[in-house]
Each structure stands twice: as C-alpha cells, then as structure tokens.
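Spelled out from the first residue to the last, the chains are:
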Amino acid sequence: MLKTTCFRAAVFAFGMALPAAGQTLEKVKACFVYLGPLEDSGWTYQHHIGAESAKAGLGDRMELVWQDNVPEDSSAEAVIEDFARSGCDIIFTTSFGFMDQTNAIAAKYPNVKFEHATGYKRDTPNVSTYNARFYEGRAVEGLLAGYMTRTNKIGYVASYPIPEVLAGINAYYLAAKRVNPDVELEVRWAYTWFDPKVEGEAAQSMIDAGVDVIAAHTDSTATLEAAAATGGSVLGFGQASDMIEFRPSPRISAIVNNWGPYYFERISALLDGTYTQSDTFKGMSQAVLIGLITEEVPASVRLEAEKLRDALAAGQTNAFVGPIRRQDGSLWLAEGEFAPDADILGMNFLVEGIAGDIPQ
C-alpha cells in the first residue's frame, strides 16, 4: 500500500535553486521508495524526516507519497513503475541497490524525474543522483574512537564492499590512528543494509574479540543495542539518524544524514521550472551532521572533534590527507595531498594498517 500522510514535520535550512530550464508547476507529487521500515530509527527514518521537512516548507504545493520495506531486487522495479504510472512528478529511490531498477523505469517514463540516492548511473536525462560525504562523519567518529578506546581495539560493522563503505572504513581508521598509534581495527561484513539480527551478531562478535568502540554502516540500532547490553564497557555511534534513545551512553555521538535541504531544493526547482539533471555530493554541515557529543567524552576530546568537524565543513582539511599508503604498501597520497573526489567515489582498497581482505 502506498502511503500519503504526514509522519513528522521538521524544518531545515534550504538550498539555492538550480539553473533555469523548464515549465513551472502549481503542485508536485513527490514519491519516495524506501528500503527499510520508517521506524528503523536510522537510514529510512532519516530520509522520511527529510521528505517531511520539504513538505513542511512547501505546504500544499507538494503531495508526499511513499512506500517503505522495498527489497533491492526486481520487486523494486515494480514499485517504481507503479509510482511512475500513478502520476508522480518526481521519484526518489533512496538506497544504492535501487540503481539499476531506477534507470530501467526512467527510460520508459521520460516525462518523470528520477532521483537515486548514493548511486552513479544516470542513463537517461531524467535521472539525477545524490550522495553525501559520509566518510567525513566517519573521520570525526574515528577521532572519538581513538581517544575513547581502552582496549585499543575499535570496530566497524560494514554492509557491502562498495566505495561508500570502504571510504568510511578508511576514514574511521585513519582518524583513530592519528590520535592513537596503537589502535587496531576489526571489520565485520554484514552483507546487508538492514537486518537487526545480522547486525547485532556482527557487533557481538567484535565485542567478544575485545573491541570496545564500534561504528556501524548499516541501518538499524542493533549495534548500539549490543553495546548497551555490556553495561557501559562498549561505546558506539548513532548511524544515519541521531539514535537519541541511546544517549548518554553507549551512543557518544552520531552521523546524522540531513536530506531535507536537498529534497526541498529539488522539488522547488521542479515547481519553479529550474530543474535540471544533476549529480550532487554534499558534505559536512550540509548533508552530513555530527550529533551531540555526550559528556562521557572528555571536554578536550570533544573540542578536538568539533574542530575537525568544522575544518571539514570549511574545506580546510580532508578526511584523507597524505601521506597515506594502500594496504599493499603502495603510495596513494603524498605528504599533505588531499584525496580527489574521483578516488573517494571509486575507492576499491583498504589503507595500510587495516587487517583483512575486501570481500569479492
């Protein structure tokens, strides 16, 4: 069943409109395809908060419709096509695994606009892509992890071995290593975006191995639940959403995905006739926010993490600053060199010091 009602209103700072090209519309029917349930407290929840914030800003000029719990398989194509047939003016498909299905349906409906989150394929002029520099948030988490670990073992629950996830692992480890040269990283591959049981088992296996600070690149609260069960000996981070219910511990901070400004910007552009195809890659303070750093973190560490956050937002530094070598010892970045976007978006390696292989 398609949903078309308000879930929660939120107001964010809104972006600038895009260059002019097209006709104005009185109202836009905006449709969203979600991987998980709205109540996942993570990835899907935060996309819906963003959609609702756009609705709050646009009022009666925007109709909001969505479908959650859509698998990343052929059934996604059916959902996307149902939306296209039902009069949706713009369709946002909000998970990497919807990429091919989105492009396939877009080719059949050239008058509908399609927006795919975190993908890279734009096979037809009516497909745009949007992504966030999640790895910048991982660098802030890594700094906190490096300081807060007592065992010198930190962990990362990874979903799939795609560039977005590899960049997150590398940024997390490098930031931790810079403040704690003795730190070691354990990675567990869940091979899922959303499966609380699998995510929890991955976190628990690291806890059993002595890991005491864990980041997650999956969609549920299962990692924080596993940390909470240790009674304070393991810390973690909110992922995609703030996961405020785990404050002040074990959740010591969070990466918060801020999709609202983008959704408002793109739907507004369609309304005022300035919509054009685009590929967007926004970072810290725009699409990526750092949640409150709790008092469990010493004030000096909090201040250092906030300075890194602000420097990343201002472009004064990068999550990847050389010298950095790949896992095989080959040089990736020279002294003082910042990583180019092309390397980050196509990342297919782990950095020197991380044990284990990338699954094939």
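Note: the structure precedes this text.
Thresholds applied
- Residues numbered from 1 in each chain as written.
- Predicted model: local features only at pLDDT ≥ 70, side-chain atom pairs only at ≥ 80, totals over all residues.
- Heavy atoms only, no water.
- Pairing = 2+ DSSP bridges.
- Helix = DSSP H or I, 4+ residues; strand = E, 2+ residues; numbered from the N terminus.
- Axes fitted to C-alpha atoms, helices over the stretch in contact; angles between N-to-C directions.
- Contact = heavy atoms within 4.5 Å.
- 1 Å grid on protein atoms, 1.4 Å probe; cavity = no way out; pocket = protein on both sides within 12 Å on 5 of 7 lines; lining within 4 Å.
- Points joined across faces, edges and corners; volume = space filled by probe spheres on them.
- Nonpolar A, V, L, I, M, F, W, Y, C, P; charged D, E, K, R; others polar.
- Disulfide = S-S within 2.5 Å.
- Buried < 20%, exposed > 50% of the residue type's maximum accessible area, 1.4 Å probe, protein only.
- Salt bridge = Lys/Arg side-chain N within 4 Å of Asp/Glu carboxyl O.

**Some remarks on the sheet that holds strand β6 (residues 153-158)**
- Spatially, β7-β6-β8-β9-β10-β12 is the arrangement adopted by the 6 strands of the open sheet, whose pairing is mixed. A single partner strand is all that each edge strand has here, and the edge strands are β7 (184-189) and β12 (288-290). For this sheet, the mean angle separating the axes of adjacent strands, direction not counted, is 15°.
- The pairing of strand β9 (residues 235-240) with strand β10 (residues 251-257) spans 5 bridges and is parallel. Of the residues in β10, the one forming a bridge with Gly236 is Arg251.
- Along the sheet face, helix α5 (residues 163-179) touches β6, β7, β8 (213-216) and β9 and points at about 170° away from the line of β6.

**Let's talk about the layout of surface pockets**
- Space inside the largest pocket adds up to approximately 310 Å³.
- Around the largest pocket sit 19 residues that line it, and Thr118, Gly119, Asn131, Phe281 and Leu345 are the ones nearest its centre.
- At the level of elements, β5 (127-132), α4 (134-148), α5, β11 (279-282) and α10 (341-345) are the ones that each hand at least two residues to the lining of the largest pocket.
- Considered class by class, the residues forming the lining of the largest pocket number 11 nonpolar, 4 polar and 4 charged.

**Section: the state of the cysteines**
- Considering all chains together, one arrives at 1 disulfide under this definition.
- The partner cysteine of Cys31 in its disulfide is Cys88, sulfur to sulfur 2.0 Å. Its S-S torsion of about -85° marks the bond between Cys31 and Cys88 as left-handed, since a negative value means left-handed. Here the residue Cys31 occupies a position in strand β1 (residues 28-33), and Cys88 occupies one in the loop between α2 (74-85) and β3 (90-93), the gap between them amounting to 57 residues.
- Overall, the relative accessible area of 0% leaves Cys31 in the buried class.

**Side note on the side chain of Glu199**
- Relative to the helices and strands, Glu199 resides in helix α6 (residues 196-208).
- Residues within four places of Glu199 in sequence aside, it is in contact with Trp193, Phe194, Thr218, Asp219, Ser220, Ala222 and Thr223.

**Describing the pattern of salt bridges**
- According to the stated counting rule, one finds 13 salt bridges in the structure shown.
- Lys108 is paired through a salt bridge with Glu81; the nearest N and O atoms lie 2.8 Å apart. Of this pair, Lys108 sits in helix α3 (residues 99-108) while Glu81 sits in helix α2, placing them 27 residues apart in sequence.
- Asp100 is the salt-bridge partner of Lys121, the closest N and O atoms lying 2.7 Å from each other. Here Lys121 is found in the loop between β4 (113-117) and β5, whereas its partner Asp100 is found in helix α3, with 21 residues between them in sequence.
- Judged by relative accessible area, Lys121 falls into the partly exposed class, the value being 27%.

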